[in-house]
Each structure stands twice: as C-alpha cells, then as structure tokens.
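What follows is the residue order along each chain.
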Amino acid sequence: MSDQHPPTNFIRQLVAADIEAGRYRQGITTRFPPEPNGYLHIGHAKSICLNFGLARDFDGHCALRFDDTNPDRESPEFVEAIKSDVRWLGFDWEGRLHHASDYFEQLYEFAIELIDSGNAYVCDLSPDEIRSTRGTLTEPGVNSPFRDRSREENLALFKKMRAGAFAEGSRVLRARIDMASPNLHLRDPTLYRIRYQTHHNTGDHWCIYPMYDFTHPLSDAIEGVTHSLCTLEFEDNRALYDWVLEHVTTPSRPYQTEFSRLSLEYTVVSKRLLTILVEQKVVSGWDDPRMPTLSGMRRRGYPPEALVDFCTRIGVTRNHQNVELSVLENCVREALDPRTPRAFAVIRPLKLVIENYPEDQEEDLAALNHPGDESQGTRQLSFCRELYIEHDDFLEDPPKKFFRLAPGREVRLRYAYLVTCREVVRDASGNIVEIRCTYDPQSRGGNAPDGRKVKGTIHWVSARHSVRAEARLYQPLFSDPEPGFSSDGDLDSVLNATSLTTLDDIQVEPGLAQAKPGTVFQFERLGYFCVDRDSTNSMAVFNRTVGLRDSWARSRSG
RNA sequence: UGGGGUGUAGCCAAGUGGUAAGGCACCGGAUUUUGAUUCCGGCAUUCCCAGGUUCGAAUCCUGGCACCCCAGCCA
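Keep in mind it's a predicted model, so treat the numbers as computed, not measured. (Residues numbered from 1 in each chain as written. Chains lettered and ligands numbered in written order. Predicted model: local features only at pLDDT ≥ 70, side-chain atom pairs only at ≥ 80, totals over all residues. Heavy atoms only, no water.)

Now for the domain arrangement of chain A. Taken domain by domain, chain A comprises domain 1 (10-259), domain 2 (271-341 + 469-556) and domain 3 (345-459). Its C-alpha centre places domain 1 at a distance of 64 Å from the equivalent point of domain 3. (Domains from an automatic or database assignment.)

In structure tokens form, the structure reads like this:
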C-alpha cells in the first residue's frame, strides 16, 4: 500500500522545497532528541520515523542526541534503553550519537557572549519572585530589579555561579528580552540554573545547567541540524529558539518546525504519566506488555515493522491526532500474518472423549504450518482418544448461527476427524466438565467420505501429549478512551480493572514448550502469541500479542 | 476581554481555484478444514458555521463558533 501512496506530508514538502530552492547543498540533517528520563513510547516512534525517514529519503543524516540538561531526572539506564529501542525500530544513527552535555563548555561560552552583548543578566530573584513578576496571560510582567546590572558585574556573577559560590535556587542567568511580551516565553526566560547534582555524563564538573530553550537551538546549530522537528506544544518556544540563534554567533542556522503529537485511544502517551504507572506499580515495569512503550510492545510481540507502518499510515500534520487502536492492531496483524507459524493451543480446556476411538490407539496427523504458504512446511500432531477443545467451542443450547459443537452436532477437528457430540458430563455443581463424542473413522484428515458438508472446524490438542503453559491476555490499560489523569488520585477511575487476564492452565502442542522468548506463533482461531521472558523450563508463558479478527464475537456483542 | 495553533466521514488523512485520493472502522457478498487470510462491492452532492469574490471555492476574502497549547530555576 505504501508503494502506491508514498508518504507525503507538509514537512516532506517543506524539505523538498528547501532542497529545490538550493538551500542545503551539503544535504539535510535532522535529529531525534529524547531526554533520558524515561522509556520511549509509540509517540516517540512517530518522531523517530519522521526524523530518520526524512534523512534516509532525502539523502541526509539523522543524529541521536540526548537532551540531558537536567541531571535530577536522567539516568544511564534510560540512555541505554533508548538506544536499543531506536535500533530495534530499525534505525541507525551511523555514529552520530551526541549529548547536549557534550556542549556544556561551548554553551557556557555562548552565554558569556550573550552577557557581553547585554542580552543576558544574572538575576537574584527567588523562583517565587520570578513567577510573581512574570505577569499573567493577560497582564505584562515587571522588570527584575537586577535587569540593568553592568556587563562586568554580570560576567563576574556568572563566573561565580559556575564556580559554585552560590546556593541552589539563589540566582539564575536570564535572557534580557521583554517582560511585556504577549509570548510568555520571551519574558526574560531563565537560561541557566544552579544545581548541585551529579550528572550522568559530566559527573560533578558543573553546578550550573543550561535550560532547554537555550540548549536546544545551540545544540542544533553546533551539529549542523537543518530541520529541527518537534511537537506542537513547542510552538511558542520557537520565538525564543530564533532569538537565541539571532543573538549569538553560531556555526549554522537551523529552523524549527512543529507537528502534532500522537494520541492513541485508551492509552496515555506521555512520559510523565507512564512514569506514574510504573512507580505506582500499576504495571510490572516499563516493558509491561500493556504499556505503549517500545519495550512493552516488543515484549508483547509487536514487530518493529508494524510500528513503522503505523507511523506512515497515521501521517504527520498539525491536526489534533487521536488514533483508534484498531489502526495499530491492524498493522500488527498484517505484519505477523504472512510469516507467523501456526500452532494449536487450547486456552480454556474442556475434555473431549471419543468413545469409539480405541483406548490404546495413537496416531500422527499432518498439519500445515501456514495455510497459504506451503514453504513453511508441515508438522505432526498427536491424536488419541482424549483431547482438549476450547470451552467456548461448545454450547449446550446454541444460538442460530453457532456452528461449533453442541449436543448432536457434528464438527471437524482440524486436520483430524469429524466428531459428533453424544453426551455432556457434569460435575456435582452442574458445570460441564467433559464432552463425549463419536468419530467417523473414514474422515481422517477432516474430509467426509460421502462429501457431506460440515461447516464448523475447531482446534484441539491431545490430552495425552499436550503440555501445560500459561497465557496472559491483555486489554487496554484504561477504560476511558482519553484517560489523561492528572494525579495518582484519579488514576483508579480511569483504569481498566481487567487489563490483564492470566490463564495458568492452557494446553499447547509439545513443540511449543521450549520456544525461545520473543518467538511469535499464531494459535489458530485465538490470535498471535509471543513467548515471554518469564518462561521457564517447566512452564512456558505466552503473551497474547493481538487477537484474530473475530466477526463471530463481534456479531454477538454488537 | 493576551499570544500561538487546529477544524475534510466514526478515527486518521490527501487535496495548494476546475467539480472530494487512500487507510482503519463499519455494512453487504464470494472463496475458505482458522467465523482468520484473500477477493469483490458499498460507505462525504460536501469540507466547523454564515456571508462574499468567481463561469467555477474544501481551497481566496470578511465575520463568527468550537477545541488545543503557553504563566517550570521541566523538556
């Protein structure tokens, strides 16, 4: 499909026009600039695909840059996780791995230049005072009493800030712009703050740290970034981005363009909110298969190609983008279907006994690993008198169009025989515990000798040969299509209490028991399942990646 | 009643003055030993609303309306 409709969006058009106009003869440069304070999520995938995709398609370069200017929230754990997630998605920064912290010395020099030209000053106001003098959305702010310090005094003070002469929070370096600007970002924004904090990259070398609005444009300029792409909430910051670049002497002039961030139904795509889920132990960790993180989706069994495909399908615009889950799920199924081997597993076992099948008889039956792709070969399924079938495949009092097993009904056991239900066995409390059937010995392989039509086909495993395993079924973490909780207080009201269902007695083909973590199978008629890393030698654990499309279930619940 | 943005189908999204692509979802129907896959067909007389310009407007103009973002020494 993407062959017929190559990705086009306003940013690609902009880049194409820039190149057409002869700017960027050296080629374009983009960058993906995460802060290492959390794990990457599907929203980052959109940005990664955009930035790296642009560089790839326009013969440019894309760097991975850690925006690590705030030592109290960042860590090497996140740095490593981010790197492996970007690689997993299929992108390569080709040695262009940078850290904003690599530029701290240069950034300091740029700050000196700003002070020198009278465009920055050291302000002794407290955080509270700065806030209260900033004004409001409708009222201008008032000038800091320190705004008109001399160049020499500012220089001396800033050097002392760096030298560690002042307490945290006691002073900042501010840009000298306009306290009455209708754009709040231009009301003498803070450029540097004092923080006695060990940085994961620079250690204790610094006690002053530059702010994002100062660091970002300059990092871009240092790296020769041509197109600096970010999300819409940074739109107002662009004026400051430009101001910084226009007031210091930089090696290049990058330009910022914003696009809308991705929202996904029934999930949150915000590092802050995801961090709360992890810290409150709502989930087992950043890679919980219910998380919209790249590591969570990987563990769940989503192939990276599916995420890349998803990103090209949703496009890049400036509209509010709230995408339905079905788009993502469809991408996952589409990526998995052609290459995923089929297997039989029964997740809610119900015993089925074939009364006219000899007790001591066993046989092997050939099954296709992938109907529709013979190159994937066949495997042997063991068959005997006692089987397990899916509990959902039997109904004592079936509705109109139910063509599975029911009293007196005949169905096909896929790749095996036609069986007819003769009797239902119950336990003392009335629960159905066993189905007794007879089989047609002439129907080996599943075809009736007389050509009679049997509509229903169900899967099964041999009770004598199958292996017990665990399955984890997932639903969205939230019951609200647009969760957006603000504090942990209102978390419970939006959480889906049944987002995880653990089934610890599923029965699978013996061949599945030792599969490696990460391997994906299609359990026929049930969905795609991925071997979890929690698997042990005695018990395999399968995550349901995504179910199969199920028009029967849909027609019933609709 | 400050500034910056966004409105095309249920959800995304093309469209750049010449008569509304595509995907997902949904609804038919064919094939099927997975109620899967695949395949065919349907799904906006109208583009937030109201005026205007024009032979012709989703595209241009004017005026409204709705929603989102900004008052961190976070990014």
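Under the counting rule described, the total for this entry stands at 0 disulfides. Not part of a disulfide, Cys 384 finds its nearest cysteine sulfur in Cys 437, a span of 13 Å. The buried category is assigned to Cys 384, whose relative accessible area is 0%. Cys 437 takes part in no disulfide bond, and the closest cysteine sulfur, belonging to Cys 421, lies 5.1 Å away. For Cys 437, a relative accessible area of 0% gives the class buried. (Disulfide = S-S within 2.5 Å. Buried < 20%, exposed > 50% of the residue type's maximum accessible area, 1.4 Å probe, protein only.)

With that settled, the discussion passes to the environment of His 44. As for its position among the elements, His 44 is in helix H2 (residues 42-57). Spatially, the C-alpha atoms of His 44 and Ser 219 are 20 Å apart, while their sequence positions differ by 175 residues. Look past the residues within four positions of His 44 in its chain and what remains in contact with it is Phe 32, Tyr 39 and Lys 271. (Helix = DSSP H or I, 4+ residues; strand = E, 2+ residues; numbered from the N terminus. Contact = heavy atoms within 4.5 Å.)

Another point: the pattern of salt bridges. Pairing of side chains with opposite charge becomes possible as their charged atoms draw close. For the structure shown, the criterion picks out 54 salt bridges. The residue Arg 299 makes a salt bridge to Asp 287 at a minimum N-O spacing of 3.3 Å. Of this pair, Arg 299 sits in helix H10 (residues 294-300) while Asp 287 sits in the loop between helix H9 (271-279) and H10, and the two are 12 residues apart along the sequence. For the residue pair Arg 299 and Asp 287, the accessibility class agrees, reading buried in each case. Across the pair Arg 533 and Asp 287 runs a salt bridge, and its minimum N-O distance is 2.5 Å. Remark: Asp 287 occurs in the loop between H9 and H10 and Arg 533 occurs in the loop between strand E26 (527-531) and strand E27 (540-546); sequence separation between them is 246 residues. (Salt bridge = Lys/Arg side-chain N within 4 Å of Asp/Glu carboxyl O.)

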